[in-house]
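# Structural overview
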Amino acid sequence: MAFISSLLTSPEFMPHGFCYLWDRDLIWLHVVSDVLIALAYFSIPLTLVYFVRKKRDLPFHWMFLMFGLFIVACGSTHVIEVWNLWHADYWLAGIVKLITAIASIITAILLFQLVPKALALPSPDVLKEANQKLMDRTEELARANAELASANSALLRSREQQRSFFDAIPYPVWVFDWETLAIKDVNQSAIASYGYSRKEFLLLTIKDLRPSEDVPALLEHIRNSPNAAGTTGIWRHRKKDGAIIDVEVTTGVVQFDHRDARLAIAANITQRKQMEEALRESDEKLRLLVGGVQEYAILMLDLEGRVTTWNEGAERIKGYRAEEIIGQHFSKFYTPEAAALGKPALELKKAAEQGRFEEEGWRVRKDGSRFWASVVVTPLRDRTGQLRGFAKVTRDITERKQIEEQLERQRSELARSNTELIAANKELEAFSYSVSHDLRAPLRSIDGFSLALLEDYEEKLDAEGKDNLHRVRAATQRMGVLIDDLLDLSRVTRAGMKMQKVDLSAMGRAVAAELKNSQPGRRTEFHIQEGLEAHADSNLMRIALENLLENAWKFTSKRESPRIEFGQTNNNGSRVYFVRDDGAGFDSARATRLFGAFQRFHDKNDFPGTGVGLATVQRIVQRHGGRIWAESVPGKGATFYFTLLDASERGAESWQTK
């Protein structure tokens, strides 16, 4: 550190300015001269560095760099000279000069060694002559390159044509090396069929296209295949997605990149194999099915009608074993009279002409017993339409025939019973009207005379007599209402039905309005759901709604602000209508008797009525294919639910029934 400090501070020496007697002009002469020399020295290396960087192919460029280093060192000595005019750092000046000397000696030595090599460089004339020869050679090469480009273009067009032809082949095709089994080229059809890209294909061998369990068989096939011959075989291939397909592969010998190779064409026969397998399975299933069928006799006949096949069902139904009947004429199964009339031959003729013959008739078993059979004969033709034989299917339907005869007898009996029932209903209707008329006349007389007694002899009757007459009149009037309700119930049961679309919401609002008008003083809240519709008889549905809503109106009469609701809900996907009130209600334990005629759960003095209304509603709902039920808690109201058969279940938009 002391030495380095002494380089920059030398108090024992005097600056050069003392030598120049600090003559200002002399000092600045030396300063300007040394600075200009230093700047010139420093600019020359920069120019050399720039030159070397631009001429990287220049020989001996390192010499230029050494020369630049030497010049920089020389320029540094002049800078030190300027410094020493005012500072006596002569040790530093000596070191800089030493560095300059070393750089100068090294540059001189290298330059001395470089001179022979530089002299060996060709002269400009020699270079000019070589350049001319090079230009002539370049022209020759240009002509050769043009000819080569033309040949390459033709070759490229030929290869493009070959590639187009290769890719246009509709089947997957690839070329593989015979020794390494590596795939060398592949067409577009193979790429599309197998799911690999071209790059992926060229990384595979033909072993990679096989399931792992099939590779040993492939290698064995290659070992046993002649080197100069093509092969054809059926293999399993695996696509990129893992799907296994059946292919028929045909290979041929080719040369590819000057090596023995094979061109492979693969035809996907998966569908064909599946069809063949399905056909085989179908044939096997048909054989098993036909052989194991017990309910049908299935047999084949040749062109003359002789039996060629025989199943277990035929043996069970007809009684013959296969060895007994095969080769025999099928006329053995016909009654003697049918065989004498030529019926077997006629059936085959009709089947051949019409494509099918079908009938029911008597046939004969081996033991001579007869059975009623359903017979179908179908002609069998080949692809050319040539008749090859017949298929005959026979089923023993004797039991069905007996059942049909029994049903026919039952239908006749039922028709006779219906006729009698219609006559009885007409007599009952006439009787009902007659009874109604006959009952109404004495009731009117009783009521009229009772009223006359009250009016004419009121003063002569005591309170008990008047009360008795009032009771007589009330009983006769109630009897009249009861007769009317029974007649209404009878009409509902017998009336014809005209099915149509019915707006139940509008019908419910109309009934509610009538009830409100009948007792304007009552504050009853009706809630009728919008959009209630049904496919039903409008007149009958009006009667049903009147009875249900009047029932709710009656049993809510003792509440100050009752609520009655008519709406719809769903029960297991079925549409269910309901009428709900918050009135007196009833005991649900007795609900099974609710819809019977004359059934009453409340005192007639509290809630008057005949007990026929709900029975009428039940008849109407049942005639519409539905059902009705009720839920209630005493004192908390009641809800009546009912269903109706949908129009889709009835099978028509509008129909009539009686």
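All figures in this text were calculated on a predicted structure; none of them were measured in a lab. (Residues numbered from 1 in each chain as written. Predicted model: local features only at pLDDT ≥ 70, side-chain atom pairs only at ≥ 80, totals over all residues. Heavy atoms only, no water.)

Attention shifts here to the overall build of the chain. The helix and strand tally for the chain stands at 20 helices and 17 strands. Considering the chain as a whole, with its 658 residues, one finds that 33% of them fall into the buried category. In the chain, 55% of the contacts between residues at least 6 apart in sequence involve partners at least 24 apart. Counting only carbon and sulfur atoms, one obtains 57% of the accessible surface of the chain, whose full area is about 41200 Å². (Helix = DSSP H or I, 4+ residues; strand = E, 2+ residues; numbered from the N terminus. Buried < 20%, exposed > 50% of the residue type's maximum accessible area, 1.4 Å probe, protein only. Contact = heavy atoms within 4.5 Å. Areas by Shrake-Rupley, 256 points an atom, 1.4 Å probe, with all protein chains shown as cover.)

The N-to-C vectors of helix α18 (residues 538-555) and helix α19 (residues 613-623) enclose an angle of 145 degrees; their axes lie 9 Å apart at closest approach. The two elements α18 and α19 meet at a crossing, and its hand is left-handed. Mapping the contact onto sequence places Leu540, Met541, Ile543, Ala544, Asn547, Leu548 and Asn551 in α18 and Gly613, Leu614, Thr616, Val617, Ile620 and Arg623 in α19. (Axes fitted to C-alpha atoms, helices over the stretch in contact; angles between N-to-C directions. Left-handed = near helix turned anticlockwise from the far one by under 90°.)

This part takes up the sheet that holds strand β3 (residues 231-238). Sheet strands pair by backbone hydrogen bonding; their relative direction is either parallel or antiparallel. The sheet built from five strands is open, its strands ordered β2-β1-β5-β4-β3 with antiparallel pairing. Among the strands making up the open sheet, the edge pair consists of β2 (183-186) and β3. Strand-to-strand twist in this sheet, taken as the mean axis angle between neighbours without regard to direction, amounts to 30 degrees. Taken together, the three bridges between strand β1 (residues 173-177) and β2 define a ladder with antiparallel strand orientation. Within β2, the residue paired with Trp174 across the bridge is Val186. (Pairing = 2+ DSSP bridges.)

On to the pattern of salt bridges. Scanning all chains against the criterion turns up 31 salt bridges. One salt bridge in this structure joins Glu213 and Arg236, with 2.8 Å as the shortest N-O distance. Remark: Arg236 occurs in strand β3 and Glu213 occurs in the loop between α8 (198-201) and α9 (215-224); sequence separation between them is 23 residues. Look at Glu213 and you get exposed, because its relative accessible area is 53%. Arg236 sits in the partly exposed class, given a relative accessible area of 30%. (Salt bridge = Lys/Arg side-chain N within 4 Å of Asp/Glu carboxyl O.)

Given a rise of 1.5 Å per residue, 15 residues ought to cover 21 Å, and the 21 Å separating the end C-alpha atoms of helix α17 (residues 504-518) matches this to within 8%. For α17, the set of buried residues is Leu504, Ser505, Met507, Gly508, Val511, Ala512 and Leu515. All buried residues of α17 lie within an arc of 160 degrees about the axis, which places them on one face of the element. Where α17 begins, the capping side chain belongs to Asp503, and its oxygen is found 3.2 Å from the backbone nitrogen of Ser505. (Expected span 1.5 Å × (residues − 1). Arc of directions from axis to C-beta. Polar contact = N/O pair within 3.5 Å; in protein donor to acceptor, adjacent residues only side chain to side chain.)

Before going further, it helps to examine the nonpolar core. One broad trend across soluble globular proteins is that nonpolar side chains are buried collectively. Of all hydrophobic cores here, the largest spans 36 residues; its most connected members are Leu504, Met541, Leu548, Phe566, Tyr577, Phe640 and Phe642. The element best represented in this core is α18, accounting for eight residues. Aside from chain neighbours lying at most four places away, what touches Phe642 is Met541, Leu548, Phe566, Val576, Tyr577, Val621, Arg627 and Ile628. (Core = buried A, V, L, I, M, F, W, Y, C linked by side-chain atoms within 4.5 Å.)

Residue placement: Thr643 occurs in the loop between β16 (638-642) and α20 (647-650). By relative accessible area, Thr643 is classed as buried at 15%. Ignoring sequence-local partners within four residues, the contact set of Thr643 consists of Arg575, Val576, Val621, Gly626, Arg627 and Trp629.

Attention shifts here to the packing of α17 against α18. Axis separation between α17 and α18 bottoms out at 10 Å; the angle between their running directions is 45 degrees. By the angle between their axes, α17 is oblique relative to α18. Here the hand of the crossing between α17 and α18 comes out right-handed. Contact with α17, carried on its side by Leu504, Met507, Gly508, Ala510, Val511, Glu514, Leu515, Lys516 and Ser518, involves Ser538, Met541, Arg542, Leu545, Glu546, Leu549, Glu550 and Trp553 of α18 and no other residues of that element. Among the residues forming the contact of α17 with α18, the class breakdown is nine nonpolar, three polar and five charged. (Parallel < 35°, antiparallel > 145°, perpendicular 65-115°, else oblique. Nonpolar A, V, L, I, M, F, W, Y, C, P; charged D, E, K, R; others polar.)

Take the pairing of β16 next. Counting buried positions over the five residues of β16 gives five, a clear majority of the element. Here β16 shows two buried faces, one formed by Ala638, Phe640 and Phe642 and the other by Thr639 and Tyr641. Across five bridges, the pairing between strand β14 (residues 574-581) and β16 is antiparallel. Within β16, the residue paired with Val579 across the bridge is Phe640. Looking at chain direction, strand β15 (residues 628-632) and β16 are connected through five bridges and run antiparallel. Paired with Glu631 across the bridge in β16 is Thr639.

The strand order across the open sheet formed by four strands is β6-β9-β8-β7, and the pairing between neighbours is antiparallel. Strands with a single pairing partner mark the edges of an open sheet, and in this sheet they are β6 (296-301) and β7 (357-364). Mean inter-strand twist for the sheet, computed between neighbouring axes without regard to direction, equals 25 degrees. By the bridge criterion, eight bridges tie β7 to strand β8 (residues 370-381) in an arrangement that is antiparallel. The residue bridging Glu360 from the neighbouring strand is Ser374, located in β8. In the packing of helix α14 (residues 343-354) onto the sheet, contacts are made with β6, β7, β8 and β9 (387-396), and the angle to β7 comes to roughly 165 degrees.

Time to look at unusual backbone geometry. Unlike most non-glycine residues, Leu181 shows phi in positive territory, near 65 degrees. With respect to the helices and strands, Leu181 occurs in the loop between β1 and β2. The buried category is assigned to Leu181, whose relative accessible area is 7%. Even without being a glycine, His258 presents a positive backbone phi close to 60 degrees. Along the chain, His258 falls in the loop between β4 (244-256) and β5 (259-268).

Time to look at the packing of aromatic side chains. Throughout the structure, instances matching the rule amount to 14 aromatic pairs. Geometrically, the ring pair formed by Trp174 and Tyr194 is edge-to-face, given 5.7 Å between the ring centres and 90 degrees between the ring planes. Highlighted residues: Trp174 in strand β1 and Tyr194 in helix α7 (residues 188-194), separated in sequence by 20 residues. Under the relative-accessibility criterion, Trp174 is labelled buried at 1%. Relative accessible area serves as the criterion here: at 2%, Tyr194 is assigned to the buried category. (Phe/Tyr/Trp six-rings, centres within 6.5 Å; stacked < 30°, edge-to-face > 60°.)

These results come straight from atomic positions and should not be treated as a statement about function.
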